[in-house]
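# Reading the structure
The residues making up each chain are set out below.
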Amino acid sequence: MKPKLIQIFILSVVIIGIIALAQCTDQEKKDIRGPEFASDKTCVKCHSVIAKSYVHTAHFNSSSPVNPNLANYDKNGEEVTYRNGETITIEKRKDSLFQVLENAGQTSAYPLQIAFGSGEKAQTFGYWQNNKLFQLPLTFIATGSKWVNSPGFNVDHPYFGRAIVTRCFECHSSHIDADVKFVGFQKEETLKPASILYGIDCQRCHGPAANHVNFHTATPNVKEARYMAKYKELSRSQKVDMCGVCHSGNDQTAIKSTFSFTPGDTLSNFFYQDFGALPSPDVHGKQVQQLKRSECYKNSASLDCTSCHNVHQPKQKMVFYNQKCVSCHQNVQHQKALSTSNCVECHMPAIASSVIKFESAKANDAESYRLRTHIIKVYSNN
């Protein structure tokens, strides 16, 4: 082969290799949810200020791989004894944390692999077994910085068999794939760990962004957002439904996965209608139902969740929320409000959940899980 032809051949191989590598790299950047979704890095390029703030929010950190080197729940050697005499010890082994069960001299170690919850109030954990995820029996609560029995678990003996299913991920993550089959009437899921998108990401609330990114990349001089649902243009019910995907409870029977919910959708279309009696909505997970019972909501045509909450920022100090109240109630004459500047403490008090309690097997008692009610009203003790 002539020298010139050899050079052409080598150059062609190099070019093909570069193209293949570029395609491979581009493929790695693609969102697992499909071509209509943009890479998770693209939002940051244009919205860096919001992105830097958002990573510190409870939404962004609603689920995560467990990092024992950063975890404030790393209490090596802490032990919880159950009523039947079995114990679970928190142990750090190399680069992993374990809940170690001891029963009649036999030990079994279960790794903390996924954390659910931001840790502001509590975190519970899951471990993998044959592509199925199970909840660990001990939950870490920030109040008192201690380990307690996971909500709903029996305090008589430890239990490692409660399955964590895709419905759990629908409110604590942005995506997970699963293979589903039925054994009789029993639904069985095989989860795909590599498909998990941890936390609530931008496109979970703003919708698929590939067309938006492609358009503005090609036409950078156009500053008005295109191919994205504009939240400010949604109706109030649409805005509340967007938050209600995760803040209206998980006790309804789903017609389809809420992973497919996008801004502007109607949330009731995702669940079978419940004709049962409507109980008083619990303070845990039922914020939308509670808000709709509030006089503030019923007497306003515009008040919605974001009237008080900036979801792009971490939790604010109480004065921030009180200022929200005063912006509507400028003529308030309540002496307590004027003297303490704490509207929220009186009109949205922290109330114990009726569905979640943290039972301490070690102390043989139950600790209330107190959350701020969203039924805004004048309470009798104010």
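Owing to the predicted nature of the structure, the values given are computational and were not obtained by experimental measurement.

So, how was this worked out
- Sequence order sets the numbering: in each chain, residues are counted from 1 along the sequence as written.
- Given that this is a predicted model, residues contribute local features only at a pLDDT of at least 70 and side-chain atom pairs are listed and counted only at 80 or more, while totals for whole chains, interfaces and linings are drawn from all residues.
- Just so you know, side-chain values use all the structure's heavy atoms and leave hydrogens and water out.
- In plain words, nonpolar cores are sets of buried Ala, Val, Leu, Ile, Met, Phe, Trp, Tyr and Cys residues tied together by side-chain atoms within 4.5 Å.
- The buried label goes to any residue with under 20% of its type's maximum accessible area, the exposed label to any with over 50%, and the partly exposed label to all in between, with areas taken from a 1.4 Å probe on protein chains only.
- Whether two residues are in contact is decided by their heavy atoms, any of which lying within 4.5 Å being enough.
- Pairing between two strands requires that DSSP report at least two bridges joining them.
- By the criteria applied, helices consist of DSSP H or I runs no shorter than four residues and strands consist of E runs no shorter than two, each listed in order from the N terminus.
- Here an angle of 0 to 180 degrees is reported between the N-to-C directions of two axes, which are lines fitted to C-alpha atoms, with helices fitted over the stretch in contact.
- Multiplying one less than the number of residues by 1.5 Å gives the expected span of a helix.
- Only protein atoms enter the 1 Å grid used here. Points where a 1.4 Å probe fits but cannot escape make up a cavity, open sets with protein on both sides within 12 Å along at least five of seven lines make up a pocket, and a residue lines them when an atom lies within 4 Å of a point.
- Grid points are joined across faces, edges and corners, and a volume is the space filled by probe spheres set on the points.

Let us look at the nonpolar core. If you look at the biggest cluster of nonpolar residues, it comprises 18 residues, and the most contacted ones within it are Leu-112, Phe-125, Leu-136, Leu-138, Trp-147 and Phe-160. In this structure, Leu-138 is in contact with Val-80, Tyr-82, Ile-88, Ile-90, Gln-99, Phe-125, Trp-147, Val-148, Asn-149 and Ser-150, ignoring residues within four places of it in sequence. Core analysis: the next-biggest nonpolar cluster, separate from the first, contains eleven residues, Leu-303, Cys-305, Tyr-321 and Val-344 among them.

One open sheet holds the four strands; their spatial order is β2-β3-β4-β5, and the pairing between them is antiparallel. Edge positions in the sheet fall to β2 (79-81) and β5 (106-111), since each of these pairs with one other strand and no more. Averaged over neighbouring strand pairs, the angle between their axes works out to 25 degrees when direction is ignored. Judged from the seven bridges that link them, strand β3 (residues 87-93) and strand β4 (residues 96-103) form a sheet pairing that is antiparallel. Its bridge partner being in β4, Ile-90 is matched across the sheet by Gln-99.

Relative to β5, β4 is paired through six bridges, and the arrangement is antiparallel. Directly across from Asn-103, in β5, lies its bridge partner Gln-106. Between β4 and β5, which follow one another and run antiparallel, lie two residues, and Ala-104 among them has a positive phi close to 55 degrees.

The next thing to look at is helix α7 (residues 236-247). Here α7 contains twelve residues, and its C-alpha end-to-end distance of 16 Å stays within 8% of the 16 Å for a straight helix at 1.5 Å per residue. Backbone geometry just downstream of α7 places Gly-249 in the positive-phi region, at approximately 90 degrees.

Here the second largest pocket is characterised by a volume of approximately 470 Å³. Only β8 (132-135), β11 (162-164), α4 (166-172), β12 (173-183) and β13 (186-198) provide two or more residues apiece to the lining of the second largest pocket. When residues in the lining of the second largest pocket are grouped by element, the largest group, five residues, is from β13.

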